[in-house]
Amino acid sequence: MSAELKHEGDPCGRHQLARLLRLVRLRGGPKRRFKVTTKRDPSPPVAEDLMQSGLHGRGTDQRWASAIPDSSTHREWLYLAVVRDLDSRRLGGGPMSRWLNRHWVVDALSMAIGSRRPERVLIHHADRGSQYTSDDFRDELEHHGIQCSLSARGNCDDNAIIESFFGLLKRERVNRVRYRTRDQARADVFDYIECFYHR
């Protein structure tokens, strides 16, 4: 904020800015510690990382990425599955579930295909979590003629473009609220994506 104010011709040092924000009881949303929620399944064959190899097109609905963040309600954890187009940055899918399973990410992919209706050769990129390496998920990709791309082992930067969205979602909305029910969490996340992020 200090750099932006300086750029606009109203210089304000970061310490002075911090003091002024404290006076009006405003504070930023700090990042929380990273917590591993998915485990790699070593048994299925691993697909090539097409994003790093340069074997991908650039344009709308040619490269999609998926990941799974978590959020908590008053009584339980909830997980969100979205599919993001890397060119337009629009999101598809979006079901929330209490359980991490392969059927749920297949549903997210089906929802994204139904809403986006890609007409070109498409690459889907994800981490090596067991949901994305499952037979059901790979069969769904194959059924729609979508190429599978998986990030390199132990390299979180490979899927950074989708993880950056989840960082925003958590800092700007989820970490500021303690949801009491699943329905409240679903409605609030939907509101953030459709009414704020996409617009």
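Residues numbered from 1 in each chain as written. Predicted model: local features only at pLDDT ≥ 70, side-chain atom pairs only at ≥ 80, totals over all residues. Heavy atoms only, no water.

**A look at helix 4 (residues 102-116)**
Each α-helix turn comprises 3.6 residues. Residues three or four places apart therefore point the same way. The test is simple: Strands are runs of DSSP state E lasting at least two residues, helices are runs of H or I lasting at least four, and both sets are numbered from the N terminus onward. Expected span of a helix, by definition, is 1.5 Å for each gap between consecutive residues, and there is one gap fewer than residues. Categorising residues by exposure relies on relative accessible area from a 1.4 Å probe, with only protein chains included: less than 20% of the type maximum marks a residue as buried, more than 50% marks it as exposed, and the intermediate range marks it as partly exposed. A contact between two residues is defined here by any heavy atoms of the two lying within 4.5 Å. N or O atoms closer than or at 3.5 Å make up a polar contact, with two conditions inside protein: a donor-capable atom paired with an acceptor-capable one, and, for residues adjacent in sequence, both atoms drawn from side chains.
Taking 1.5 Å per residue as the helical rise, helix 4 with its 15 residues ought to reach 21 Å, and the 21 Å between its terminal C-alpha atoms agrees with that figure. The set of residues buried in helix 4 consists of W104, V105, V106, A108, L109, A112 and I113. Elements in contact with the buried residues of helix 4: strand 1 (63-67), strand 3 (77-85), strand 4 (91-97), strand 5 (122-126), helix 5 (135-143) and strand 6 (146-150). Its side-chain oxygen 3.2 Å from the backbone nitrogen of H103, N101 forms the N-cap of helix 4. Immediately beyond the C-terminal end of helix 4, within one or two residues, lies R117, with a positive phi of roughly 50°.

**A short note on the nonpolar core**
Put simply, the test is: Throughout this description, the term nonpolar core refers to a set of buried Ala, Val, Leu, Ile, Met, Phe, Trp, Tyr and Cys residues connected via side-chain atoms within 4.5 Å.
Counting 22 residues, the largest nonpolar core has L80, F165, F166, L169 and V189 as its most contacted members. Elements that contribute at least two residues to this core include exactly helix 3 (50-53), strand 1, strand 3, strand 4, helix 6 (160-172) and helix 7 (182-197). No other element matches the 5 residues that helix 7 contributes to this core. When residues no more than four places from it in sequence are discounted, the contact partners of L169 are L80, V174 and Y192. Listed in part, the 19 residues of the second largest apolar core include Y79, V106, L109 and A112.

**With respect to the pattern of salt bridges**
Heads up, the rule is: When a carboxyl oxygen of Asp or Glu is within 4 Å of a side-chain nitrogen of Lys or Arg, the pair counts as a salt bridge.
Counted according to the given criterion, the structure contains 7 salt bridges. For R102, the salt bridge goes to D136, with nearest N and O atoms at 2.7 Å. Taken together, the residues R102 in helix 4 and D136 in helix 5 connect sequence positions 34 residues apart. According to the relative accessible area criterion, R102 is partly exposed, its value standing at 38%. Residue D191 is joined to R173 by a salt bridge in which the shortest nitrogen-to-oxygen separation is 3.2 Å. Here D191 is found in helix 7, whereas its partner R173 is found in the loop between helix 6 and helix 7, with 18 residues between them in sequence. With relative accessibility at 33%, the residue D191 sits in the partly exposed group.

**A short note on helix 5**
We apply this condition: Here, the arc refers to the directions that run from the helix axis to the C-beta atoms.
Among the residues making up helix 5, those that are buried are F137, E140 and L141. The arc that holds the buried residues of helix 5, viewed along the axis, is 100°, so those residues lie on one side. Facing away from the buried side of helix 5 by more than 90 degrees, the exposed set consists of D135, E142 and H143. Buried residues in helix 5 make contact with helix 4, strand 5 and strand 6. A positive phi of about 70° marks G145, the residue just after helix 5.

**Some words on unusual backbone geometry**
Despite not being glycine, R25 shows a phi value in the positive range, around 60°. Residue position: R25 is located in the loop between helix 2 (14-23) and helix 3. The residue R89 is not glycine, and still its phi comes out positive at about 65°.

**Observations regarding the packing of aromatic side chains**
Going by this rule: The rule is short: rings of Phe, Tyr and Trp, with Trp giving its six-membered ring, pair when the centres are within 6.5 Å, and they are stacked under 30 degrees, edge-to-face over 60, tilted in between.
Using the criterion set out here, one finds 5 aromatic pairs in the structure. Ring geometry for F165 and Y192: centres 6.5 Å apart, planes at 40°, overall tilted. Separated by 27 residues along the polypeptide, F165 in helix 6 and Y192 in helix 7 bring together distant segments of the chain. Here F165 and Y192 have matching classes, each one buried. What links up through ring pairs into an aromatic cluster is the set F165, F166, Y192, F196 and Y197.

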